[in-house]
Amino acid sequence: MLNREEPEQFRESDYFRQFLFQLRKDKLALTSVYLFIALLLLVFFGHAVSPYQADTQFVGFELMPPSWDDRGQISHFFGTDDLGRDIFSRMLYGFYYTVGSALVISIVIGVIGGIIGVVAGTSRKSFSFIGHLFDTFLFIPILIIAIIIATLMEASLINAMLAISLAMLPHFIHKIYQATEQELKREYVTTLRLDGATRWDLIKQVVLPNLTSVAVKESAHIFMIAVLDISSLSFIGLGAQSPTPEWGAMIRDSLELIYLAPWTVILPGMATILVILIISMLGNGISRVLEKYRY
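Conventions adopted
Residues numbered from 1 in each chain as written. Predicted model: local features only at pLDDT ≥ 70, side-chain atom pairs only at ≥ 80, totals over all residues. Heavy atoms only, no water. Helix = DSSP H or I, 4+ residues; strand = E, 2+ residues; numbered from the N terminus. Buried < 20%, exposed > 50% of the residue type's maximum accessible area, 1.4 Å probe, protein only. Contact = heavy atoms within 4.5 Å. Areas by Shrake-Rupley, 256 points an atom, 1.4 Å probe, with all protein chains shown as cover. Axes fitted to C-alpha atoms, helices over the stretch in contact; angles between N-to-C directions. Parallel < 35°, antiparallel > 145°, perpendicular 65-115°, else oblique. Left-handed = near helix turned anticlockwise from the far one by under 90°. Nonpolar A, V, L, I, M, F, W, Y, C, P; charged D, E, K, R; others polar. pLDDT = per-residue confidence, 0-100. Phe/Tyr/Trp six-rings, centres within 6.5 Å; stacked < 30°, edge-to-face > 60°. Salt bridge = Lys/Arg side-chain N within 4 Å of Asp/Glu carboxyl O.

Explanation requested: the overall build of the chain in the structure shown.
Each helix and strand counted, the chain has 10 helices and 0 strands in total. Ordered by position in the sequence, the α and β elements of the chain form the string α-α-α-α-α-α-α-α-α-α. Taken across its 295 residues, the chain has 49% of its residues classed as buried. Contacts spanning at least 24 positions in sequence make up 71% of the contacts within the chain whose residues lie at least 6 apart. Of the roughly 15400 Å² that the chain leaves accessible, carbon and sulfur atoms contribute 66%.

Structure (structure tokens):
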């Protein structure tokens, strides 16, 4: 029988409570959690708090500068584009298309890649061919693979999400597979197997708890890459199409206005950078807290 009370082998029963306690002590990690919650609220409810519809055009207010400019108005806080559409409203809608799409990609890859990686890593059969199979993908930039896949399909946000998912999935599987193999090489795992531990026992009590930190860090990395790639594919015309208020598409449509109305390009770009910064803080913070319970 497995001894579930040995702290050097397994997590304590009040793991979640202690995790929250340590999280509250790490101010930077806690701040990143609050920022991420705010980010999720904007993804799901950004359109509800938007002052205008994303495609509403205000005739006579084209290329109005942001409100902090002398020629700006508070009614159009971030100004308007060349069609008179409110940029602040379109950016709020953009959270759903850009960040929401990246969130879906991260969840799909996390579930599918996690299952495949753990199953392959814990199998008694040789899965070394997985490493050789993915080597080709691992040495090619994710965006290049996504572009190649996206060019084979009709340009749309859904197809861009599919292309990015297929491009990033091998990377996540490879990371989980390697981490699982590393955990199973520990000395106490051999003892557990001699004591009759089943494959499911090893997955539940050894692999999953010790892989949490790795999974969180890799998921955050995937999230950041997905945000960039969603915007990048839309920017080059392989993702979201006009008039969808996706940030990459907004930058593409306003690129010719960079000198005349720089806010139409800079503001969506700054929003992308801010989201990536929040996700990076979250991944590093949560991983830092989880590492304190790694045995």
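Would you take a moment to explain unusual backbone geometry for this structure?
Excluding glycine, residues mostly have negative phi values, and the peptide bonds linking residues are mostly trans. Cis rather than trans, the peptide bond between S242 and P243 has omega equal to 5°. Relative to the helices and strands, P243 is located in the loop between α8 (199-235) and α9 (247-254). Although it is not a glycine, L63 adopts a positive phi angle of roughly 55°. With respect to the helices and strands, the residue L63 is situated in the loop between α2 (27-49) and α3 (87-122). Take L63: its relative accessible area is 23%, and that puts it in the partly exposed class.

For this particular structure, what's the right way to read the packing of α3 against helix α10 (residues 263-290)?
Helices that pack against each other are described as a pair by the angle of their axes relative to one another and the distance between those axes. Interhelical geometry of α3 versus α10 gives an angle of 40° and a closest axis separation of 11 Å. With respect to their mutual orientation, α3 and α10 come out oblique. Taken as a pair, α3 and α10 cross one another with a handedness that is right-handed. Two secondary-structure elements touch here, α3 through I87, M91, F95 and V99 and α10 through W263, T264, L267, P268, A271 and V275. For the contact of α3 with α10, the class distribution of residues is 9 nonpolar, 1 polar and no charged.

How do you make sense of the confidence of the model for the chain when you look at a structure like this?
Taken over all residues, the pLDDT of the chain has a mean of 86, while the share at 70 or more is 86%. Confidence, expressed as mean pLDDT per element, reaches its minimum in the chain at helix α4 (residues 128-138) with 65 and its maximum at α9 with 96. The model gives residues 1-13 a pLDDT under 50, and that stretch makes 26 contacts with residues more than four places away or in other chains.

Is there a simple way to think about the packing of aromatic side chains in this case?
The geometry of an aromatic ring pair is captured by the separation of the ring centres together with the interplanar angle, meaning the angle of the planes. Taken as a whole and assessed by the stated rule, the structure comprises 9 aromatic pairs. Taking 5.1 Å as the distance between ring centres and 35° as the angle between the ring planes, the aromatic pair formed by F77 and F78 counts as tilted. Linked through ring pairs, W68, F77, F78 and F88 together constitute an aromatic cluster.

I would appreciate a short explanation of the pattern of salt bridges in the present structure.
Oppositely charged side chains may form a pair once their charged atoms are brought near each other. A full pass over the atoms with the stated rule returns 5 salt bridges. Among the salt bridges present, the one from R288 reaches D26, with a minimum N-O distance of 2.8 Å. Placement of R288 in helix α10 and of D26 in the loop between α1 (15-25) and α2 is noted, with a sequence separation of 262 residues between them.

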